[in-house]
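Chain by chain, the residues run as shown.
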Amino acid sequence: MGDCIFCKIINKEIPSEIVYEDEKVIAFKDVNPAAPIHILVVPKKHIETLLDVSKEDKDLISYIYQTINKIAKEQKFAQNGFRVIANCGKDSGQEVMHIHFHVIGGKKLGDKIVD
Ligand code: 5GP
Ligand code: ZN
């Protein structure tokens, strides 16, 4: 979609540090990492928020989690563990209106999921 930052990353109009890519999904390093590992896993389909996910996206959402699994093993942080976060809407502070899954790890994360 026209002015979507993540669509621009998908289309290589904006550079990013890509860690995984195939026809359905792209994963790249967050430009402002919250932890030593902070990867954004993003479907290439432009879906604005989690509220816009529909039944037709069933396989895609499953595929995203399979991709996270694959990346965690390939990048060797699967065993140490990690956290997956997806923000939705105002109270979450969602900044980019193209759904994405933050994969965070590389250190012992706080006990609280939210502050
Ligand atoms: P949100 O708050 O929408 O869940 O997360 C958006 C994330 O995208 C933020 O963590 C932010 O650092 C990251 N981000 C925003 N713009 C860019 C960009 O141009 N490149 C990369 N690699 N990450 C970005
Ligand atoms: Zn988009």
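Above this text sits the structure in question.
One structure accompanies this document, and this report is about it.

Calculation notes
Residues numbered from 1 in each chain as written. Chains lettered and ligands numbered in written order. Predicted model: local features only at pLDDT ≥ 70, side-chain atom pairs only at ≥ 80, totals over all residues. Heavy atoms only, no water. Donors = N, O, S within 2.8 Å, 3.2 Å for Na, K, Ca; no water. Tetrahedral: all angles 85-135°; square planar, octahedral: opposite > 155°, others 65-115°. Helix = DSSP H or I, 4+ residues; strand = E, 2+ residues; numbered from the N terminus. Buried < 20%, exposed > 50% of the residue type's maximum accessible area, 1.4 Å probe, protein only. Pairing = 2+ DSSP bridges. Axes fitted to C-alpha atoms, helices over the stretch in contact; angles between N-to-C directions. Salt bridge = Lys/Arg side-chain N within 4 Å of Asp/Glu carboxyl O. Near = heavy atom within 4 Å. Polar contact = N/O pair within 3.5 Å; in protein donor to acceptor, adjacent residues only side chain to side chain. Areas by Shrake-Rupley, 256 points an atom, 1.4 Å probe, with all protein chains shown as cover.

## Side note on the coordination of the zinc ion (ligand 2)
Ideal geometry at a metal centre gives angles of 109.5 degrees when four donors are arranged tetrahedrally and 90 or 180 degrees when six donors are arranged octahedrally. The zinc ion (ligand 2) binds to the protein through Cys4 (SG), Cys7 (SG), His46 (ND1) and His98 (ND1); the donor distances cover 2.0 to 2.3 Å. Viewed at the metal, the four donor atoms of the zinc ion (ligand 2) are separated by angles of 105 to 117°, and the geometry they form is tetrahedral. Positions of the donor residues of the zinc ion (ligand 2) along the chain correspond to the pattern C-x2-C-x38-H-x51-H. Taken together, the residues Cys7 in helix 1 (residues 5-10) and His46 in the loop between strand 3 (37-43) and helix 2 (58-74) connect sequence positions 39 residues apart. Like His46, Cys7 is buried.

## Quick word on the sheet that holds strand 5 (residues 101-105)
If you trace the five strands from one edge of the open sheet to the other, you get 1-2-3-5-4, paired in antiparallel fashion. With one partner strand each, in any of the chains shown, strand 1 (18-21) and strand 4 (82-85) form the two edges of the open sheet. Between one strand and the next, the sheet's axes are offset by a mean angle of 20°, whatever the strand orientation.

## Observations regarding the pattern of salt bridges
Taken as a whole, this structure holds eight salt bridges when the rule is applied. Between Glu17 and Lys29 there is a salt bridge, with its nearest N and O atoms 3.5 Å apart. Residue Glu17 is located in the loop between helix 1 and strand 1, and its partner Lys29 is located in strand 2 (residues 25-29); the two are separated by 12 residues in the primary sequence. Since its relative accessible area comes to 53%, Glu17 is described here as exposed.

## A look at the site of ligand 1
Taken together, 16 residues surround ligand 1, and among them Asp30, Asn87, Glu95, His100 and His102 come closest. In this structure, a nitrogen atom belonging to ligand 1 sits 3.3 Å away from a main-chain N or O atom of Val31. Val96 places a polar main-chain atom, nitrogen or oxygen, 3.0 Å from an oxygen atom of ligand 1. When the free accessible area of ligand 1 is taken as 520 Å², the share hidden by the protein chains comes to 84%. The set of elements that each furnish at least two residues to the shell around ligand 1 consists of helix 1 and strand 2. If one sorts the elements of the shell around ligand 1 by residue count, helix 1 sits on top with three residues.

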